[in-house]
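Remarks on the overall topology
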Amino acid sequence: MLVELLKDTKISSSLAGVFTLKDPHVLISALQIAEAVLQKLSDTFLNPFVKEGVFFAIDALITPEKGLDLTCPVQTSVQLSSESSQKSNEILRCLCYAFDTGQSPSSSEKESCKIEKDSVKNLAMEIGTKYFDSELNKSNKGMTIILQSLRTCSDALTDLVNLPLTYRDAYEEKLNCLVHQVMEKLNGRESISTFEFIESGIVNALVNYLSNGQYLRDKADELHDISSGIEKRFEAFTRLSLSLDDMPLSVLIQKLQCALSSVETFPVILSHLSKLRHSYATVPYGRCIKYPCLKVRFVKAEGETNLIDYTEDIMTVDPFSTMDTIGGFLWSKVSTKKDEHSRQSARSMRRKSSFRSRPDQVNIPEMQEAKGIFAAEEALRQTTSVEMTSLDEPDVDSVEQERHFSSEADSDMKTQIEGSETTSNFASGSRKSMINGHQPKSFSSEDSSLKLVFYLEERQLDQGLTLYQAILREKTRAGLGSFSNEKLWSQVYTLTYKTASNHEQNTQGSSVLDKVGRCEQRFPLFSTIVLSELSCDVEKSSPTYNIVFLLKSLEAMNRFKFHLIARERMNAFAEGKVNGLDSLKVGIFSSIPKSEFLNGKLTGKLEQQLRDRLAVSIGGLPSWCNQLMGSCPFLFSFEARYKYFHLALFGSSFYNNDNITSNSGPPNDRRSNFSILPRKKVLVCRNQILDSATKVMDRYASYKVAIEVEYEEEVGTGLGPTLEFYTLVSHALQESGLGMWREDNKSSKDEDNGTVVSRFGLFPRPWCSTLETSNGVQFSEVIKMFVLLGQVVAKALQDGRVMDISFSRAFYKLMLGQELGIYDIPSFDPELGRILIEFQALVSRKRFLDSVGGETSASMVDTCYYGTRIEDLCVVFTLPGYPDYLLSADADDKMVNMFNLEEYVSLVLDATLNAGILRQVEAFRSGFNQVFPIKYLQIFTEEELERLLCGERDSWDFNELLEKIKFDHGYTASSPPIINLLEILRQFNHEQRRAFLQFTTGAPHLPLGGLAALNPKLTIVRKHCSKWVDEDLPSVMTCANYLKLPPYSSKERMKEKLLYAITEGQGSFHLS
């Protein structure tokens, strides 16, 4: 019984994890458990203890210097000095008294710990001598056979990768065989423990292999030379994973996730504050705030001669002031070069502080608009529920508020964005802090804030962090793990200040990532990943860093598998390894499910942090939450990322509305955002929907208000008409006459409404920079429509509305800030994409043949397009499908041949993916950014973004309809009319279901979460009719998702009347 219980609880791996902690109380308990298990069941658990790393951990406690050689983190030393005990007591009460009942311990008890010095080491030695004596005497002590085998493979792989480039090509085949061998061992019959996996060095070897030996090397200036090698590594690894049916790769990812969960020590920091309390912050602005202050003593550094001592003792500091801002305040007090200008600046900023955002409004740098949204929100909040705005009249109050506050907020937001640069880096470069306080600019002159640097316990603080974040970072670096910051507010912190040297100023926020970021737009994705540094505080030598880095590389490889396979086949064709252009076609292949890249432990930690309302509302998220969310969002569940997105969008107001306490996933109620934001009613003209939409967005796009629509000469208002507004605008923006979208041979025009319909999704039509008019369409009007599109899309996401527009995956990638390449074209124009890839393959083939032997008759055949010379195709230098788009100045006299084919392909790619659509995409992003920064979307994938914007498109089954629909006022689930209705709904085709949803809810798609997300629930009630029931029609209240259904005499009659109602009864809102 005991053996089975211990095996089920995985006692070996659990103990191995406990031994990574630093607290001596925990280590003593773990050693005692290990001793008890070995004493009773030594034969059963001795080998598992060795396999899971318990032996290594105990040996490291005996001889700490040996533990330093391990990759897997173990505790190598325990100190019980009075200093460490005192620091421990600052955070938690000594665990010796944790389970004592009654009165709190005396002061003498607090200062003393019951664990004697060297007691941990002595108990470890006793266990090692008694139970592991045979292991201690082995040459490879504690190393299992599988660990030795994996180490041998990883060492051999590393040695080959580290060979000079001139020799490495000769060993390419052997290199691939070694990788194949490693992957097979991971998927072999013998199990590999997490400890063995980490300690074998496989993670470092694979990262080194994928990076072609460039991992963590500062090679930003040599990207041209090493990029090709890195791309080939990823192509080879992708080919290997396909040959093994992805199973070993899936096993590798699972082992990486287990290893990450085992070794990561990202802290969970809970507030444990009963309530927010008012306090007065002397530094930096001297004002009352609605959250606690931090107590700080400023002390001049020893040997500092350019500054004077700060005369005040303990100061109360706004915890959400950046170190930059605090430095600006202190500079005017301690500088020996104070001047009248700095004093005037200080007085000016103190006066301005009275116009800042409300103290209880905790804001997020780079996650608020650059206008005075707080004052505007307040003005709109006071009038929103009772006032109807005519779009032809200026909203005087809002305009005046905007004028009054915009310049203030603009300068403030610029300061906080620049100041928080180093807090968090997102996927494609340096990104800013996501959880911060609202920071006005510093008091003193433009560069004075950089003249002071601060130290806490001899560690320099990042100037871009808030004081609160800086303190949390130092405590987490101290290895405190999960701790409470309950006593954080009562402690007095001593900050040492000194004049910053040029080196200290220039290195703030500087890293290899910054240099690589400037090259990111010009070099391939995988080279950028390998040469960039992860934006997290973890030491680069730690296993956590390496594991996350490898997961990030594999996730990118899985996401771009099609690109890698297509490019690998093109290279094979160019080198003559395969014949015929048909070999370039990439069939259907499987990918690793995105769920396998999700880390449950980190998701749980983030969810726990987000549930702590006070910690979040006071800016208390640890930095790792923002950093990993920016650089590796795939580690977190969609639900967690959606909550994080809402925090970015709405700040503390999201928490004040009880949205974060739900564990049911994302707020999948389309009214959830509506309840957070103040409402603003607008009157629009249905027949001039684009003009009305332009006026609405120009007025309210930059304000955090949810618009509520009413149509002229119609009585309906509320959710239903508002949802239909977004649907109507969606349809209007897809009209073919606007000149916005590609209309190739795979697209068609809907004859009923003249909209562009593409089964591959919408993608911007290319416009030549020299062309101002085409087919009667002005390009300036196209730009205006893309600005409007960006505003409407962002507003729909902010307000939780559903749009009826089908963008291509490539356009979603542009929204997410990703670059497009030749392999993206097939996603929206398969025919053009296929031809360009084949042309590019011919170019690569010719280049290869020229490099090995020059032009021959055989090479001329090899560079023909399906047996036809390029010259005979009669291709001209105009963009395919757009004869008025000239690719070159002499396009009229220039024909494509084999010698200029590369130029032609390059120009077509540029026109299709870059120059031809650049202004339209920038206009879209400009409109979007008026609502909220578009970069917030980068934590989602293209598929997830489509769900957020367009809702769910899944079919309904009978059980779901029965469970998710409410029947009331004369109907139950067993009523004959209800049974008939559900059967009819199941038989509806796609267009009929769209029409039914449009009729009942105002939108043709269900929101994120499906039927369950409708709030109120879709409700069906009995309609009381005249004596001719079969002649009456169903009616709806879209605001309440309320269908009034007559009790028809037959199913056929019900279907006839329902179809008539949903097709003919749309287009206006009147009393029902």
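Below you will find a few notes about this structure. (Residues numbered from 1 in each chain as written. Predicted model: local features only at pLDDT ≥ 70, side-chain atom pairs only at ≥ 80, totals over all residues. Heavy atoms only, no water.)

1. Observations regarding the overall build of the protein chain
- Helices and strands together make up the secondary structure of the protein chain, namely 45 helices and 22 strands.
- Here the protein chain holds 1072 residues, and the buried ones make up 55% of them.
- Carbon and sulfur atoms make up 49% of the accessible area of the protein chain, which totals about 46400 Å². (Helix = DSSP H or I, 4+ residues; strand = E, 2+ residues; numbered from the N terminus. Buried < 20%, exposed > 50% of the residue type's maximum accessible area, 1.4 Å probe, protein only. Areas by Shrake-Rupley, 256 points an atom, 1.4 Å probe, with all protein chains shown as cover.)

2. Here we look at the packing of helix H33 (residues 689–700) against helix H34 (residues 719–732)
- Contact pair H33 / H34: the axes reach a minimum separation of 10 Å and the direction vectors enclose 115 degrees. Note on packing geometry: the crossing formed by H33 with H34 is left-handed. For the pair H33 and H34, contact is made by Ile689, Leu690, Ala693 and Met697 and by Phe725, Tyr726, Leu728, Val729 and Ala732, respectively.
- Across the contact of H33 with H34, the residue classes break down as nine nonpolar, no polar and no charged. (Axes fitted to C-alpha atoms, helices over the stretch in contact; angles between N-to-C directions. Left-handed = near helix turned anticlockwise from the far one by under 90°. Contact = heavy atoms within 4.5 Å. Nonpolar A, V, L, I, M, F, W, Y, C, P; charged D, E, K, R; others polar.)

3. Some points on the pairing of strand S5 (residues 314–317)
- The alternating pattern of S5 places Met315 and Val317 on a buried face and Ile314 and Thr316 on a face that is not buried.
- Bridge analysis of strand S4 (residues 294–300) against S5 gives four bridges, and the strand direction is antiparallel. Bridge pairing links Lys295 to Thr316 in S5. (Pairing = 2+ DSSP bridges.)

4. Things to note about the sheet that holds strand S8 (residues 459–460)
- Spatially, the five strands line up as an open sheet ordered S5-S4-S10-S7-S8, and their pairing is mixed. Two strands bound the open sheet, and with one partner strand each, they are S5 and S8.

5. Let's talk about the pairing of strand S10 (residues 492–499)
- With six bridges connecting them, S4 and S10 associate as parallel partners. Counterpart to Val296 in the pairing with S10 is Tyr493.
- In this sheet, S10 lies alongside strand S7 (residues 452–456) in antiparallel orientation, the contact comprising five bridges. Residue pairing across strands places Tyr455 opposite Thr496, the latter belonging to S10.

6. Side note on the packing of aromatic side chains
- Taken as a whole, this structure holds 31 aromatic pairs when the rule is applied.
- Centroid distance Phe638 to Tyr642: 6.0 Å. Interplanar angle 40 degrees. Geometry classified as tilted. Taken together, the residues Phe638 and Tyr642, both in helix H30 (residues 638–650) and four residues apart, mark about one turn of the helix.
- Look at Phe638 and you get buried, because its relative accessible area is 8%.
- Across from the ring centre of Tyr711, 4.2 Å away, lies the NZ or CZ of Arg686, which sits over that ring.
- Between the NZ or CZ atom of Lys894 and the centre of the ring of Phe877, over which it lies, the distance is 4.5 Å. (Phe/Tyr/Trp six-rings, centres within 6.5 Å; stacked < 30°, edge-to-face > 60°. Lys NZ or Arg CZ within 6 Å of the ring centre and 35° of its normal.)

7. Some points on the pattern of salt bridges
- Counted according to the given criterion, the structure contains 37 salt bridges.
- Glu231 serves as the salt-bridge partner of Arg567, at 2.7 Å between the closest nitrogen and oxygen. Placement of Arg567 in helix H26 (residues 561–574) and of Glu231 in helix H15 (residues 223–243) is noted, with a sequence separation of 336 residues between them.
- For Arg567, a relative accessible area of 23% gives the class partly exposed.
- Relative accessible area serves as the criterion here: at 5%, Glu231 is assigned to the buried category.
- Between Glu1056 and Arg1053 there is a salt bridge, with its nearest N and O atoms 3.0 Å apart. Of this pair, Glu1056 and Arg1053 are both found in helix H45 (residues 1051–1064), three residues apart, which corresponds to roughly one turn of the helix.
- A single salt-bridge network, built from bridges that share partners, covers Glu231, Glu235 and Arg567. (Salt bridge = Lys/Arg side-chain N within 4 Å of Asp/Glu carboxyl O.)

8. Topic: helix H3 (residues 24–51)
- Here H3 is 28 residues long, yet its end C-alpha atoms lie only 24 Å apart, well below the 40 Å a rise of 1.5 Å per residue gives.
- Taken as a whole, H3 carries its principal kink of about 125 degrees at Ser42.
- Phi for Gly53, located one or two positions after H3, is positive at around 95 degrees. (Expected span 1.5 Å × (residues − 1). Bend = angle between axes of the 7 residues up to and from the residue.)

9. Structural notes on the sheet that holds strand S22 (residues 1042–1045)
- Here we have four strands laid out as an open sheet, ordered S19-S20-S22-S21, and mixed in their pairing. If you trace the sheet from one side to the other, it starts and ends with strand S19 (966–968) and strand S21 (1035–1037), each paired once. Here the average twist between neighbouring strands, direction ignored, is 25 degrees.
- Pairing of strand S20 (residues 1019–1022) with S22, which is carried by four bridges, proceeds in the parallel orientation. Within S22, the position partnered with Val1021 by the bridge is Lys1044.
- Relative to S21, helix H44 (residues 990–1001) is tilted by about 60 degrees, and along the sheet it contacts S21 and S22.

10. Examining the nonpolar core
- Counting 181 residues, the largest nonpolar core has Phe237, Leu554, Phe725 and Phe807 as the members making the most contacts within it.
- Each residue touching Phe807, except ones within four places of it in the same chain, is listed here: Trp741, Gly761, Leu762, Leu789, Val793, Tyr812, Met815, Glu946 and Leu949.
- Tyr291, Leu307, Met315 and Trp489 belong to the second-largest nonpolar core, a separate cluster that totals 35 residues. (Core = buried A, V, L, I, M, F, W, Y, C linked by side-chain atoms within 4.5 Å.)

11. A closer look at the packing of helix H27 (residues 600–611) against H30
- Two numbers describe how H27 lies on H30: the axes approach to 10 Å, and their chain directions differ by 35 degrees. The handedness of the crossing between H27 and H30 comes out as left-handed. In this structure, H27 uses Thr603, Leu606, Glu607 and Leu610 to contact H30, whose residues at the interface are Glu639, Ala640, Lys643, Tyr644 and Leu647.
- For the contact of H27 with H30, the class distribution of residues is five nonpolar, one polar and three charged.

12. Brief notes about unusual backbone geometry
- A cis amide bond links Val283 to the next residue, Pro284, at an omega of 0 degrees.
- In this structure, Pro1016 follows Asn1015 across a cis peptide bond, with omega equal to 0 degrees.
- Even without glycine at this site, Asn775 takes up a positive phi of about 55 degrees.
- Residue position: Asn775 is located in the loop between strand S15 (773–774) and strand S16 (777–778).
- On the accessibility criterion, Asn775 (75% relative accessible area) is exposed.
- Within the chain, Cys874 stands out as a residue other than glycine whose phi angle is a positive 60 degrees.
- Structurally, the position occupied by Cys874 is in the loop between helix H38 (857–862) and strand S17 (878–879).

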